[in-house]
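Spelled out, the chains give:
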Amino acid sequence: MSVSRVEVLRTELALVLRLFRTDAARQTKRIALTVLAIAWGTLSIVLLLSFGEGLKRAFHKGKNGIGEGIGILWPGATTRAYAGLPSGRAISFHDEDADLLRERIPEIAALSREYAVRRGLSVGTKTVNVRIRGVDPSFGDLRNIIPQAGGRFINESDLAEKRRVMVLGDELATDLFASQEVVGRTVLLNQSVFTVIGVMQPKTMMGMYSGPDKNQATMPASTLKSMFTEEHLQNMVYRPVTPALGDQAKWQIYRVLASKYRFDPDDTRALGVWDTLEDQRIVTNIALGIQMFLGIIGALTLFVGGMGVANIMYAVVKERTREIGVKMALGAKMRQVMTPFVMEALLMTVLGGILGTSVSLLLMAGIAALPLKGDAFELLGRPTFSPAIAAATSLILGAIGTLAGYFPARRAASVNPAESLRYE
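Treat the numbers as computed from the prediction; the structure is a model and nothing was measured.

The rules we used
- Residues numbered from 1 in each chain as written.
- Predicted model: local features only at pLDDT ≥ 70, side-chain atom pairs only at ≥ 80, totals over all residues.
- Heavy atoms only, no water.
- Helix = DSSP H or I, 4+ residues; strand = E, 2+ residues; numbered from the N terminus.
- Buried < 20%, exposed > 50% of the residue type's maximum accessible area, 1.4 Å probe, protein only.
- Contact = heavy atoms within 4.5 Å.
- Areas by Shrake-Rupley, 256 points an atom, 1.4 Å probe, with all protein chains shown as cover.
- Core = buried A, V, L, I, M, F, W, Y, C linked by side-chain atoms within 4.5 Å.
- Salt bridge = Lys/Arg side-chain N within 4 Å of Asp/Glu carboxyl O.
- Phe/Tyr/Trp six-rings, centres within 6.5 Å; stacked < 30°, edge-to-face > 60°.
- Axes fitted to C-alpha atoms, helices over the stretch in contact; angles between N-to-C directions.
- Parallel < 35°, antiparallel > 145°, perpendicular 65-115°, else oblique.
- Left-handed = near helix turned anticlockwise from the far one by under 90°.
- Nonpolar A, V, L, I, M, F, W, Y, C, P; charged D, E, K, R; others polar.
- Polar contact = N/O pair within 3.5 Å; in protein donor to acceptor, adjacent residues only side chain to side chain.
- Arc of directions from axis to C-beta.

Draft legend 1. Local environment of the overall build of the protein chain. Scanning the protein chain from N- to C-terminus turns up 14 helices and 9 strands. Taken across its 424 residues, the protein chain has 45% of its residues classed as buried. For the protein chain, contacts bridging at least 24 residues in sequence account for 78% of all contacts bridging at least 6. For the protein chain, the accessible surface area stands at approximately 21200 Å², while carbon and sulfur atoms represent 61% of it.

Draft legend 2. View of the side chain of Asp267. As for its position among the elements, Asp267 is in the loop between α8 (246-261) and β9 (271-275). Once you skip the residues sitting within four places of it in the chain, Asp267 turns out to touch Thr78, Thr79, Arg80 and Tyr254.

Draft legend 3. Structural context of the nonpolar core. Leu121, Ile132, Met166 and Leu168 are the most contacted members of the largest nonpolar core, which has 48 residues in total. Looking at this core, the element that brings in the most residues is α8, giving 7 residues. With residues up to four places along the chain from it excluded, the contact list for Ile132 reads Tyr115, Ala116, Val117, Arg119, Leu121, Met166, Leu189, Ala217, Met219 and Leu224.

Draft legend 4. Quick peek at the pattern of salt bridges. Enumeration over the complete set of coordinates arrives at 18 salt bridges. Two residues, Arg113 and Asp95, come together in a salt bridge whose shortest N-O distance is 2.7 Å. Placement of the pair is Arg113 in strand β2 (residues 108-123) and Asp95 in helix α3 (residues 95-104), with a sequence separation of 18 residues. Exposure remark for Arg113: the relative accessible area of 12% places this residue in the buried category. Between Glu161 and Arg163 there is a salt bridge; the shortest N-O distance is 3.0 Å. For Arg163, a relative accessible area of 28% translates into the label partly exposed.

Draft legend 5. Quick look at the packing of aromatic side chains. For the coordinates displayed, the defined rule picks out 1 aromatic pair. For the ring pair Tyr209 and Trp274, a centre distance of 6.5 Å and an interplane angle of 85° mean the geometry is edge-to-face. With Tyr209 in the loop between β6 (192-199) and β7 (216-220) and Trp274 in strand β9, this residue pair connects regions lying 65 residues apart in the sequence. What makes Tyr209 buried here is its relative accessible area of 15%.

Draft legend 6. Representation of the environment of Phe341 in the model. Along the chain, the position of Phe341 falls in helix α11 (residues 334-369). Residue classification places Phe341 among the buried residues on the basis of a relative accessible area of 3%. In the structure, Phe341 is positioned 68 residues away from Ala409 in sequence and 5.5 Å away in space, judged by C-alpha atoms.

Draft legend 7. Highlighting the packing of α3 against α8. Interaxial distance between α3 and α8 falls to 10 Å at its minimum, and their mutual angle equals 130°. With respect to each other, α3 and α8 are oriented oblique. Considering the relative orientation of α3 and α8, their crossing is right-handed. Touching Glu96, Asp97, Leu100, Leu101 and Arg104 of α3 are Ile253, Val256, Leu257, Lys260 and Tyr261, all from α8. In the contact of α3 with α8, the residues fall into 6 nonpolar, no polar and 4 charged.

Draft legend 8. Local environment of the side chain of Asp158. You can see Asp158 is positioned in helix α5 (residues 156-160). Side-chain polar atoms of Asp158 contact the side chain of Arg163, separated by 2.9 Å. Not counting chain neighbours up to four residues away, the residues in contact with Asp158 comprise Arg152, Phe153, Arg163, Val165, Ile197, Pro220 and Ser222.

Draft legend 9. Representation of unusual backbone geometry. Not every positive phi belongs to a glycine, and Asn144 is a case in point at roughly 55°. Within the secondary structure layout, Asn144 lies in the loop between α4 (139-142) and α5. Positioned with a positive phi, Gln191 is a non-glycine residue whose angle comes to about 65°. In this structure, Gln191 sits in the loop between β5 (186-189) and β6.

Draft legend 10. Spotlight on the environment of Gly76. With respect to the helices and strands, the residue Gly76 is situated in the loop between β1 (71-75) and α3. Residue classification places Gly76 among the partly exposed residues on the basis of a relative accessible area of 22%. Residues Gly76 and Ala90 lie 14 residues apart in sequence; the distance between their C-alpha atoms is 6.1 Å. If we skip the residues at most four places from it in the chain, Gly76 touches Arg89, Ala90, Ile91, Arg269, Ala270 and Leu271.

Draft legend 11. Main features of helix α6 (residues 170-177). All of the buried residues along α6 are Asp170, Leu172, Ala173, Leu176 and Phe177. Down the axis of α6, the sector holding all buried residues measures 160°, keeping them to one side. Just downstream of α6, Ala178 is the residue with a positive phi angle, here 60°.

Following this line, the structure appears as structure tokens:
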């Protein structure tokens with residue numbers, strides 16, 4: 001861009017600012033109300049989009065509380081006769097089934113057994129009846145059970161040596177030990193002493209089976225099996241290599257176990273499979289739909305403010321009819337006539353946008369500082385401002401400001417110079 005071109009633009013911008021100051025002095029109330037209308041629309045769209053973003057993130061966090069991209073597999077009963085065997089046969093899982101699935105199905109990245117009993121855990125004179133599960137080390141990662149600082153989850157040595165160790169849910173740890181340091185303390189189970197090696201970090205769960213993790217205790221599968229020999233393998237938890245291989249992994253599970261237990265691979269009642277990937281896709285789509293709905297409402301509110309800018313610019317065009325006629329009579333180009341009006345509209349839009357965004361950020365900071373607790377607030381989330389919201393708001397504001405200035409400016413440029421000079 002040449003120096004002369006830069007100078008022309010700088011001169012036009014200075015002229016726009018001078019005209020805006022003149023109009024602001026003459027029409028303070030009207031311009032202030034227009035800027036406030038844009039600010040209100042901006043406040044609405046930023047808050048609504050931020051609430052939608054917070055809700056989407058809370059949904060994402062909640063749906064991954066049970067584990068990200070996992071499947072839960074449990075035994076069922078056949079509903080079809082197969083290979084001379086009648087329907088109605090109950091299927092029971094065994095230890096070797098986990099190894100069989102790991103070896104035969106390359107689509108499975110990780111898999112853990114899960115035994116479970118309900119017993120009383122005692123600390124001193126206090127006893128709490130809880131669900132206790134025996135699992136493999138991969139269970140912690142699969143089920144998103146992250147130990148708090150200073151603790152750990154079950155490892156391979158615990159499993160191989162059948163160690164008497166436990167990981168407690170955060171609420172269970174509070175019930176048993178109140179506010180005391182938990183890691184390293186001991187609990188009694190069937191008169192056997194177990195050392196607490198970790199406490200789960202608090203998490204939100206939108207989906208679960210057999211109760212929330214915060215109220216359960218976890219030990220090595222080998223330890224639980226040795227203590228309660230009559231217990232069968234209750235279920236298995238697995239994760240496919242990629243989400244795209246989820247359906248293929250599920251089909252392979254039916255095929256491999258159908259061959260072992262002799263049932264029809266198409267008999268979906270013989271095995272129960274909870275594919276959380278599908279649930280997570282549904283939740284994601286719901287959150288996206290809510291976010292789009294809130295964004296549309298906010299955009300419409302901002303559009304009303306844009307109409308106010310357009311109205312005031314039409315009034316400005318009418319008031320400057322003689323001035324426009326003089327400019328055009330002196331040879332002013334259409335761009336030189338239109339630019340000041342478009343720039344004034346954009347300036348009012350930008351001022352309103354800055355004001356509305358600033359107020360919305362202050363409100364979000366105030367909401368974030370509130371001591372809101374409980375699962376309800378965790379599921380709803382807190383309003384979150386993101387770069388995507390900033391970009392969307394800027395684009396909408398820019399489009400509204402440009403359109404609100406363009407149409408009145410086009411009308412100004414179409415004025416007949418001779419008629420405008422006679423305008424009273």
